[in-house]
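Now for the letters of each chain:
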Amino acid sequence: MEARDVLVSLAEELERNGSQKEEMAAAQCLLAALSRGHQMEPVREARVRVRLGRLLLRNTQNVLLAKGCFDRAQVLIARKEEESDLRREALSGIASCYHVMGNLKQEKQALRKGAEESGGTNIKKWNTYFKVRLADALNMEGKFGEAMSELETMNDTCEEAKGLDLAAYKLHVALASSDLAWVQEKLGECNALADGMRLDIGSIPTCSVVYFLFMTLLANQRLGNNNQVQTVLEEISSFFPLQDSIWGRGWIPSAWIEESVSLVGIAHRSLCGELRQAIEQAKSSLEKVDAQLRKLGIGPTTKESHLNNMTIWTGRIWLVLQVNLIQAICLAQMTLTELPEAQLSLASLEKIIHRYPVLLLDFKCEVHILSGLLHHSCMGYTEAIDRFQKAQSCVKGVPLLNVVVLLEALSILCEDGENASARVLDLMQTFQRASSEREGQTKALEIIVDSITLANQGEYAEAKSLLQQGLKLAHTKLMNQQITAQILNILASVSAAKDANIPITPILKSASTLSRNLNDQPMQLQTLHLTKQVLEKEENGAGLMDCCALVEKHSLLLKDKVGQVKQQRQGEKAR
């Protein structure tokens, strides 16, 4: 046996063991086998170069050397029709190199070429592979219509996993587009396949089932179908922990899928009022995400300029997850009126985004929103309005713009100036009305703003009718305790203004129970002030005294926390 054969055989043995150290040793063996002293016939050399390219791409930062291996393999077998599979493997490798480099244009060219060469009936799997990756690349560019068109042409070629993969890919594109009507349509197609999947689950690859469930989970969350979210969470969690050996989604790590599902569970818990449990779960997930970032060499002091191409593309998905988890913690802390803790979370978020200004550019808007919400919670309504206006200047997509406009409108109404209603009506000209209840939380916020505006104009009957619709949406569909409590408070106030004889005590009791469960002190203060007005009308001396004592207690607690937040902000500015 010649030296080159020994080296290639040793590389195969090392590669089978699978550890990064042994794969690096395998790459060294293949590099030695390809040295000038060891001649090989073209097809065999092409096979070795494709293997070497894959190892380099997976384990090193030398993307150019990996691409050179794939390019040379293409040349060696250019005229050999019998080696079409090997040629497609090389094309796939070239596309992967361009993906890591961030060169989407060249990546798409390689993928289109692969799809064109894989159009025959005997190579449907390759055609599916290239078209799905091409759709992914178009999706990243924001060309959602083109991405969906590529997937639609696969209807007659994609037979894998009984159509689950294709349905999930389409739902993925719809979610990325933020077109909720499109999400609803593609989720319906997935739901039509779901029963068949459950009946035949043993014959479908685990990775296909998990990816399918993950996409339906995200879609149900986006549409506010919280009962379905709970059901799918339980179903997908039964597959955890995932094994990397069964995960077939290319560069997506199985651990990332698990922590992303955890993030959905955290958001769901927060909506249901389990805020402390949500914070603990988010902190646990953050520790795991930090560990994954450390494996990539990304630590607390790492900056964007320190990252190479490979780390940028693999690290970004973990950085985005890290930011989302901190956001979830910050929002839960605000709801619990843990305002100093929320300020610390917001400060840590700002530091991360400052270190990665390009990679995390899309989160600049969301930091402004969080800052506005915190100012609003601290009763700094003017500052909140300023932050929401800054968010509007860098917001992407109509759904998020609508949310920011509504939040600014609420802060304007809370300022309670003479021209509040007129200002809100003027602001709402930029708002694109939700056509149905599909838009969930945005629709609920829209109802709150509209009802307060109507009440300020003396149109109490219309405001009350609107609030009753909002109560049904917030409590029954969204299961959002905070929004439900807020609507109950407004409903009590509007009902009393419409007819002084209407008993509002039961409404206030419900609002009080919800705000106490959430430890939401601003909400409790709203309820207590309304209760105080009722007791004054009833001339209930003992009850009024107790209520006044509670108002004073919560006011002092809130004032103390607002003072701590102001001190923290001054300290951060000084640093």
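Parameters at a glance
- Residues numbered from 1 in each chain as written.
- Predicted model: local features only at pLDDT ≥ 70, side-chain atom pairs only at ≥ 80, totals over all residues.
- Heavy atoms only, no water.
- Helix = DSSP H or I, 4+ residues; strand = E, 2+ residues; numbered from the N terminus.
- Buried < 20%, exposed > 50% of the residue type's maximum accessible area, 1.4 Å probe, protein only.
- Contact = heavy atoms within 4.5 Å.
- Areas by Shrake-Rupley, 256 points an atom, 1.4 Å probe, with all protein chains shown as cover.
- Salt bridge = Lys/Arg side-chain N within 4 Å of Asp/Glu carboxyl O.
- Axes fitted to C-alpha atoms, helices over the stretch in contact; angles between N-to-C directions.
- Left-handed = near helix turned anticlockwise from the far one by under 90°.
- Nonpolar A, V, L, I, M, F, W, Y, C, P; charged D, E, K, R; others polar.
- 1 Å grid on protein atoms, 1.4 Å probe; cavity = no way out; pocket = protein on both sides within 12 Å on 5 of 7 lines; lining within 4 Å.
- Points joined across faces, edges and corners; volume = space filled by probe spheres on them.

**Here we look at the overall build of the protein chain**
(1) Moving on: In terms of helices and strands, the protein chain carries 26 helices and 0 strands.
(2) Moving on: Per-residue burial for the protein chain yields a buried fraction of 51% across its 575 residues.
(3) Moving on: Considering only residue pairs separated by 6 or more positions, the protein chain has 63% of its internal contacts joining residues 24 or more positions apart.
(4) Moving on: Total accessible area on the protein chain is roughly 27,400 Å²; 51% of this is exposed by carbon and sulfur atoms.

**Focus on the environment of A255**
(1) Moving on: Structurally, A255 can be placed in helix α13 (residues 254–271).
(2) Moving on: For A255 and L242, which are 13 residues apart along the polypeptide, the C-alpha to C-alpha distance reads 7.4 Å.
(3) Moving on: For A255, the residues in contact, after removing those within four places along its chain, are Q292 and W318.

**Focus: the pattern of salt bridges**
(1) Moving on: In this structure the tally under the stated criterion is 20 salt bridges.
(2) Moving on: K67 is the salt-bridge partner of D71, the closest N and O atoms lying 2.7 Å from each other. With D71 and K67 both in helix α4 (residues 63–76), this residue pair falls 4 residues apart, about one helical turn.
(3) Moving on: The residue E150 makes a salt bridge to R112 at a minimum N-O spacing of 3.4 Å. Pair noted here: E150 is in helix α8 (residues 144–152) and R112 is in helix α6 (residues 104–117), with a separation of 38 residues, a long-range link.

**Side note on unusual backbone geometry**
(1) Moving on: Cis geometry marks the peptide bond from F240 to P241; its omega dihedral reads 0°.
(2) Moving on: As for its position among the elements, P241 is in the loop between α12 (226–237) and α13.
(3) Moving on: We note that M379 has phi near 65°; this positive angle belongs to a residue other than glycine.
(4) Moving on: Among the secondary structure elements, M379 is positioned in the loop between α17 (364–377) and α18 (381–394).

**Comments concerning the packing of helix α2 (residues 20–33) against helix α3 (residues 42–59)**
(1) Moving on: Where α2 contacts α3, the axes come no closer than 9 Å and their chain directions differ by 140°. Here α2 runs over α3; the crossing is left-handed. Note on element contacts: α3 touches α2 through V48, R51, L52, L55, R58 and N59, opposite Q20, E23, M24, A26, A27, L30 and L31.
(2) Moving on: Residue composition of the contact of α2 with α3, grouped by class: 8 nonpolar, 2 polar and 3 charged.

**Some remarks on empty space enclosed by the protein**
(1) Moving on: Tallying each qualifying case throughout the model produces 2 cavities of 30 Å³ or more.
(2) Moving on: Put simply, the largest cavity is a space of about 40 Å³.
(3) Moving on: Around the largest cavity, the lining residues are V132, A135, D136, N139, L151, Y169, H172, V173 and Y211.
(4) Moving on: Those elements that place two or more of their residues in the lining of the largest cavity are α7 (124–140) and α9 (164–177).
(5) Moving on: It is α7 that provides the largest number of residues to the lining of the largest cavity, a total of 4 residues.
(6) Moving on: Of the residues in the lining of the largest cavity, the class split is 6 nonpolar, 2 polar and 1 charged.
(7) Moving on: Here the second largest cavity defines a volume of roughly 30 Å³.
(8) Moving on: Along the walls of the second largest cavity sit Q221, N226, V229, V264, A267, H268 and L271, which together make up its complete lining.
(9) Moving on: Only α12 and α13 provide two or more residues apiece to the lining of the second largest cavity.
(10) Moving on: In terms of residue count, the dominant contributor to the lining of the second largest cavity is α13 (4 residues).
(11) Moving on: Split into classes, the residues belonging to the lining of the second largest cavity amount to 4 nonpolar, 3 polar and no charged.

Interpretation in functional terms is not warranted from these geometric data alone.
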